[in-house]
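Report on the structure
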Amino acid sequence: MRVHEAVESPGDEAPVESARRQRTRERLVDAAYEVFAEFGVHAASVEQISERAGFTRGAFYSNFDSKEELFFALESRENQLRLDRLEAGLQAVSPSLLDAAGRYTEGSLEALIRAFLELQPDDRRWCLVQSEFRMLAMRDADADVAARYLQHQESAGRQLAAWLDQAAGLAHVRFTIPTPDIANIVVALYESAIQTAVLMDPDGDEGSPRELAMRTLPAIVRALTESIAD
């Protein structure tokens, strides 16, 4: 495999430099996802990630300070992809929930939660990578890693809570406990479903985390709402 230094020339135009740097970072993030999934976050080395991306170790450190920083870039990308998918799905599903009078029907919230689950990828690989990094953050003597991990989780939780508030508003209901707590429940239940699916069927040939979560999550979320008087 040919490796590249990915050194930016001082004479290049700034937009070209920025685009090149972004492509380099994306290739490193893609490679990290593969290597983390294959060898584990702890065992994966900077050299393995750099080689998989087609770059040198020097190119890695010109873009990321550490393997942990690279993981946070990967996590931010994966979380944003899922949130963008949710927003697009909400806009696509909402019209189908209207009755003849143009009002959202009873049970709209459950339908939106089911749509939320349908939009989630059956990504056991991401579950394994994220679960291992969470354990490393919990065990790491460097408290900064744990703090940054919590910040990333809280940011994703706030965005999910905003989506849930929007979905509840469309269904003319409100949550009986703070929406961030609802978001935590949703994430915990779905992650539990993924973990159960991995334990039951590591290769993903049978069953689905969505199917497992679908049995309980819509009903639980609905139980934690009340109607908004017109």
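Residues numbered from 1 in each chain as written. Predicted model: local features only at pLDDT ≥ 70, side-chain atom pairs only at ≥ 80, totals over all residues. Heavy atoms only, no water.

This part is about the packing of aromatic side chains. As enumerated under the stated definition, the model contains 9 aromatic pairs in all. Between F60 and F64 the ring centres are 6.0 Å apart and the planes differ by 45 degrees, which places this aromatic pair in the tilted class. On the accessibility criterion, F60 (0% relative accessible area) is buried. Residue F64 is classed as buried on the basis of its relative accessible area, which comes to 1%. Plain terms: the ring middles of F71 and F72 are 6.2 Å apart, the flat faces sit at 70 degrees to each other, and that makes the pair edge-to-face. Exposure remark for F71: the relative accessible area of 0% places this residue in the buried category. Given a relative accessible area of 2%, F72 falls into the buried group. Members of the aromatic cluster, each reached through a chain of ring pairs, are Y33, F36, F71, F72, W126, F133 and Y149. Sitting over the ring of Y33, R125 keeps its end group 3.8 Å from the ring centre. (Phe/Tyr/Trp six-rings, centres within 6.5 Å; stacked < 30°, edge-to-face > 60°. Buried < 20%, exposed > 50% of the residue type's maximum accessible area, 1.4 Å probe, protein only. Lys NZ or Arg CZ within 6 Å of the ring centre and 35° of its normal.)

The next thing to look at is the packing of helix α6 (residues 124-139) against helix α8 (residues 179-200). Contact geometry for α6 and α8: axes closest at 10 Å, N-to-C directions at 110 degrees. The pairing of α6 with α8 is recorded here as roughly perpendicular in orientation. Contacts from R124, C127, L128, Q130, S131 and R134 in α6 reach E191, I194, Q195, A197 and V198 in α8. The class makeup of the residues in the contact of α6 with α8 is 5 nonpolar, 3 polar and 3 charged. (Axes fitted to C-alpha atoms, helices over the stretch in contact; angles between N-to-C directions. Helix = DSSP H or I, 4+ residues; strand = E, 2+ residues; numbered from the N terminus. Parallel < 35°, antiparallel > 145°, perpendicular 65-115°, else oblique. Contact = heavy atoms within 4.5 Å. Nonpolar A, V, L, I, M, F, W, Y, C, P; charged D, E, K, R; others polar.)

Of the residues in the protein chain, 84% have a pLDDT of 70 or more, and the chain-wide mean is 81. Ignoring residues within four places in sequence, the model shows residues 5-12, a span with pLDDT below 50, making 13 contacts including any to other chains. (pLDDT = per-residue confidence, 0-100.)

Let's shift gears to the nonpolar core. One broad trend across soluble globular proteins is that nonpolar side chains are buried collectively. Counting 31 residues, the largest nonpolar core has L109, F116, L160, W163, L164 and V186 as the members making the most contacts within it. Those elements that place two or more of their residues in this core are α4 (67-93), α5 (108-118), α7 (143-170), β1 (173-175), α8, α9 (209-214) and α10 (217-223). Looking at this core, the element that brings in the most residues is α8, giving 8 residues. Those residues within four positions of L160 in sequence are excluded, and the remaining contacts are L83, L86, F116, A183, V186 and V187. Within the second largest apolar cluster, 26 residues are counted, among which are Y33, V46, F72 and F133. (Core = buried A, V, L, I, M, F, W, Y, C linked by side-chain atoms within 4.5 Å.)

With respect to the helices and strands, the residue I228 is situated in the segment after β2 (225-227). As for I228 and F175, which are separated by 53 residues in sequence, their C-alpha atoms are 9.9 Å apart. Among all residues touching I228, those that are not within four sequence positions of it are H172, V173 and R174.

Our next topic: the layout of surface pockets. Volume-wise, the largest pocket comes out at about 650 Å³. Lining the largest pocket we find 26 residues, and of these N79, Q130, Q153, V187 and E191 sit closest to its centre. No other element matches the 9 residues that α8 contributes to the lining of the largest pocket. In terms of residue class, the lining of the largest pocket is built from 14 nonpolar, 8 polar and 4 charged. (1 Å grid on protein atoms, 1.4 Å probe; cavity = no way out; pocket = protein on both sides within 12 Å on 5 of 7 lines; lining within 4 Å. Points joined across faces, edges and corners; volume = space filled by probe spheres on them.)

The next thing to look at is α5. α5 sits mainly inside the fold: 8 of its 11 residues count as buried. Taken residue by residue, α5 has S108, L109, E110, L112, I113, A115, F116 and L117 as its buried positions.

It is worth spelling out the pattern of salt bridges at this point. One pass over the full model with this rule turns up 9 salt bridges. Of the charged contacts, one joins E47 and R57 as a salt bridge, the two residues approaching to 2.0 Å between their closest N and O atoms. Of this pair, E47 sits in helix α2 (residues 46-53) while R57 sits in helix α3 (residues 57-61), placing them 10 residues apart in sequence. Among the ionic contacts, a cluster of salt bridges with common partners joins E26, D30, R77, E78 and R82. (Salt bridge = Lys/Arg side-chain N within 4 Å of Asp/Glu carboxyl O.)

To continue, consider the side chain of T225. Here T225 is to be found in strand β2. A distance of 2.7 Å separates the side chain of T225 from the backbone oxygen of R222, its partner in a polar contact. Setting aside anything within four residues of it in sequence, one finds T225 in contact with L109, V173, R174, F175 and T176. (Polar contact = N/O pair within 3.5 Å; in protein donor to acceptor, adjacent residues only side chain to side chain.)

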